[in-house]
Amino acid sequence: MQTPAPVDYAKATSVAHAIELLQQLGDEARPIAGGHSLLPMMKLRLAAPEALVDLNDIPELQGVRIEGDHIVVGAMTKHRDILESAILHEHYPIFREAEHVIADPIVRNRGTIGGSACQADPAADLSAVGSALRGTAVIQGPGGTREVPLREFHDGPYMTVLEPTEVLVALKYPIRPGAGSAYEKVERRHGDWGVATAGVFVVVRDGVVADCGIGNAAVGAEHYCSPGAEDALIGQPATEESFAAAAKVAGEQCNPSADQRGPVDYKRHLTTELTLRALRRAAAASQGA
Amino acid sequence: MQVTVTVNGQEVTRDVEPRTLLVHFIRDDLLMRGTHWGCDTSNCGACTVWVDDEPVKSCTYLAVQADGKSITTVEGLEKNGELDPIQKGFMECHGLQCGYCTPGMMMVGRALLDKNPHPSEAEIREGISGNICRCTGYKNIVASIQWAAEHPVSTEASEVTA
């Protein structure tokens, strides 16, 4: 039987309360979101926080809304609510496509977008989506609120720029009129972590790629994105040749590790192929196809 | 820590350690053994219960997190001595097999039908994709949920006597 080690627990009722609790409980206190990474890690003694600050019952951290020219997603918004969000689907179908291949319906009832971002698993699908869309993390701490681009939010595998007494409160994504977006993933079985994934948005104007963002998870792409592939595509004609050339860069510039999900060359091949497929579909959507 | 939850309509209060998992609280503190404890890693779904009417995997949920909330376990499906159609479906279609995954399958099956009373086979398979049957007898489980969809509670009395 796996049971976490003894731990203290406090339920936060607001973000300010959560920060106060984190300050009181000290450096070994951790916020808990959906718990679907943290609790298994605690059972295995890979994590041993002395106290948990529960963020689940903080209403201000929930929900998807539009603020000006951004979509704002509360950090404790559950995967299922992202899957079902009409706002996200209208502007960025990539969210629904990614959510469909994240875990299973019961886990999606519990897991959150902010928890996923802060867990910083190298294979986290929503981190690739957030980097592709060049989103922003909204962070609150004792000294106030700060914003960090999602492409600078992760310091490496399982590492973020959050200080121990800071809480991720929301993720923001700029609305891009005319953008198409898509998510592609190869997994060993439904709901597993990806072997390789690609998430992109593309804005095509007059047959030319005016803007794009390319994200990859599970293949060691730094900050879950491929700026080299983006540079190769922006300003080019929206053609199969351009997409293939950009996708090739994504495959070359990622840094996958060989593991039980496959060898390095296979993962590079998948990264190229999945990036190509996502670019094709996103560009077609941008052109109203 | 003191925890007060409503389990299958009945309020209970217990003193628990914060590290106690909801599945162990249900099985070992409340002595309700219908909920099964399986993989312990939120993969298999045998421990699925509803918290405020949402299916969750109770091996990955602390009992203290349920304080003030309403929990429904497989024991709560039966109403007034009458089995829920999902339970009858598993009987009719031999959906139980070894029985280990059954409580979780029934809880997700019932929750699925509550949201979508006429799911397609693909929707049922997606709905139970977080629940593993190691007999690999998914065909009968899908058939059991389909049976329940075809025999909803409201029309049941007439169909049973027919």
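Residues numbered from 1 in each chain as written. Chains lettered and ligands numbered in written order. Predicted model: local features only at pLDDT ≥ 70, side-chain atom pairs only at ≥ 80, totals over all residues. Heavy atoms only, no water.

Undergrad: Would you mind going over the sheet that holds strand E6 (residues 136-141) of chain A with me for this structure?
TA: Residues and elements named next belong to chain A. Spatially, five strands are ordered E4-E5-E10-E6-E7 in an open sheet, and the strand pairing comes out antiparallel. Both outer strands of the open sheet, strand E4 (64-67) and strand E7 (144-149), are each paired with one neighbouring strand and no more. The sheet shows a mean angle of 25° between the axes of neighbouring strands, direction not considered. Summarising the sheet, E4 and strand E5 (residues 70-74) pair through four bridges and their orientation is antiparallel. Bridge assignment links Ile66 to a residue of E5, and that residue is Ile71. Across the sheet, helix H1 (residues 15-25) touches E6 and strand E10 (167-174), and the angle it forms with E10 is around 135°. (Pairing = 2+ DSSP bridges. Helix = DSSP H or I, 4+ residues; strand = E, 2+ residues; numbered from the N terminus. Axes fitted to C-alpha atoms, helices over the stretch in contact; angles between N-to-C directions. Contact = heavy atoms within 4.5 Å.)

Undergrad: I'm lost on the nonpolar core in this one. Help?
TA: The tendency in soluble globular proteins is for nonpolar side chains to be buried side by side. Membership of the largest hydrophobic core comes to 33 residues, with the highest contact counts inside it found for Tyr92, Phe95 and Tyr173 of chain A. Every element with two or more residues in this core is listed here: E5, helix H5 (94-100), helix H7 (113-119), helix H8 (125-132), E6, E10, strand E11 (179-187) and strand E12 (194-205) of chain A. (Core = buried A, V, L, I, M, F, W, Y, C linked by side-chain atoms within 4.5 Å. Buried < 20%, exposed > 50% of the residue type's maximum accessible area, 1.4 Å probe, protein only.)

Undergrad: Explain the pairing of strand E2 (residues 10-15) of chain B to me, please; I cannot follow it from the model alone.
TA: Along any regular strand the residues' side chains alternate between the sheet's two faces. Residue and element names in this part refer to chain B. When strand E1 (residues 2-7) meets E2, the two strands line up antiparallel, connected through six bridges. Bridge pairing links Gln2 to Asp15 in E2. Hairpin connection from E1 to E2: two residues lie between these consecutive antiparallel strands, with Asn8 at a positive phi of about 50°.

Undergrad: Would you explain unusual backbone geometry in this entry?
TA: Where the residue is not glycine, phi is negative for most of them; where a peptide bond is considered, it is trans in most cases. Although it is not a glycine, Ala103 of chain A sits at a positive phi angle of roughly 50°. Within the fold, Ala103 of chain A resides in the loop between H5 and helix H6 (105-108). Phi angles above zero are rare outside glycine, and Ser42 of chain B is one such case at about 65°.

Undergrad: How should the pattern of salt bridges be read in this particular structure?
TA: A side chain with one charge may pair with a side chain of the opposite charge, provided their charged atoms come close. Residues and elements named next belong to chain A. Applying the stated criterion across every chain, the model contains 30 salt bridges over all chains. For Glu67, the salt bridge is made with Arg65, and the minimal N-O distance between the two is 2.9 Å. Here the residues in one salt-bridge network are Arg134, Arg151, Arg176, Asp211 and Glu230, joined through shared partners. (Salt bridge = Lys/Arg side-chain N within 4 Å of Asp/Glu carboxyl O.)

Undergrad: Sorry, what's going on with the domain arrangement of chain B here?
TA: Accessible area lost when the parts come together is the quantity often used to give the size of an interface. All names here are of chain B. By the assigned domains, chain B splits into domain 1 (2-76) and domain 2 (85-152). On a C-alpha basis, the centroid separation for the pair domain 1 and domain 2 is 21 Å. Of the roughly 1,100 Å² buried between domain 1 and domain 2, counting both surfaces, carbon and sulfur atoms make up 65%. At the boundary of domain 1 and domain 2, one finds zero salt bridges. (Domains from an automatic or database assignment. Buried area = accessible area lost by both parts, 1.4 Å probe.)

Undergrad: Looking at this structure, how should I read the packing of helix H3 (residues 102-115) of chain B against helix H5 (residues 138-150) of chain B?
TA: Axes are the key here: two packed helices are described by the angle between their axes and the distance separating the axes. All names here are of chain B. At a minimum axis separation of 10 Å, H3 and H5 run at an interaxial angle of 40°. Regarding the angle of H3 to H5, the classification is oblique. Between H3 and H5 the crossing geometry is right-handed. The segment H3 lies against H5, with Met105, Gly109 and Leu113 engaging Tyr138, Ile141, Ile145, Ala148 and Ala149. Partitioned by chemical class, the residues of the contact of H3 with H5 number seven nonpolar, one polar and no charged. (Parallel < 35°, antiparallel > 145°, perpendicular 65-115°, else oblique. Left-handed = near helix turned anticlockwise from the far one by under 90°. Nonpolar A, V, L, I, M, F, W, Y, C, P; charged D, E, K, R; others polar.)

Undergrad: Whenever I open this one, the sheet that holds strand E3 (residues 51-54) of chain A confuses me. Can you help?
TA: By way of backbone hydrogen bonds, the strands of a sheet pair with one another, either parallel or antiparallel. Residue and element names in this part refer to chain A. One open sheet accounts for three strands, arranged E1-E3-E2; its pairing is parallel. Of all the strands in the sheet, the pair left with one neighbour each is strand E1 (8-11) and strand E2 (29-32). Between one strand and the next, the sheet's axes are offset by a mean angle of 25°, whatever the strand orientation. Here four bridges tie E2 to E3, and the two strands are oriented parallel to one another.

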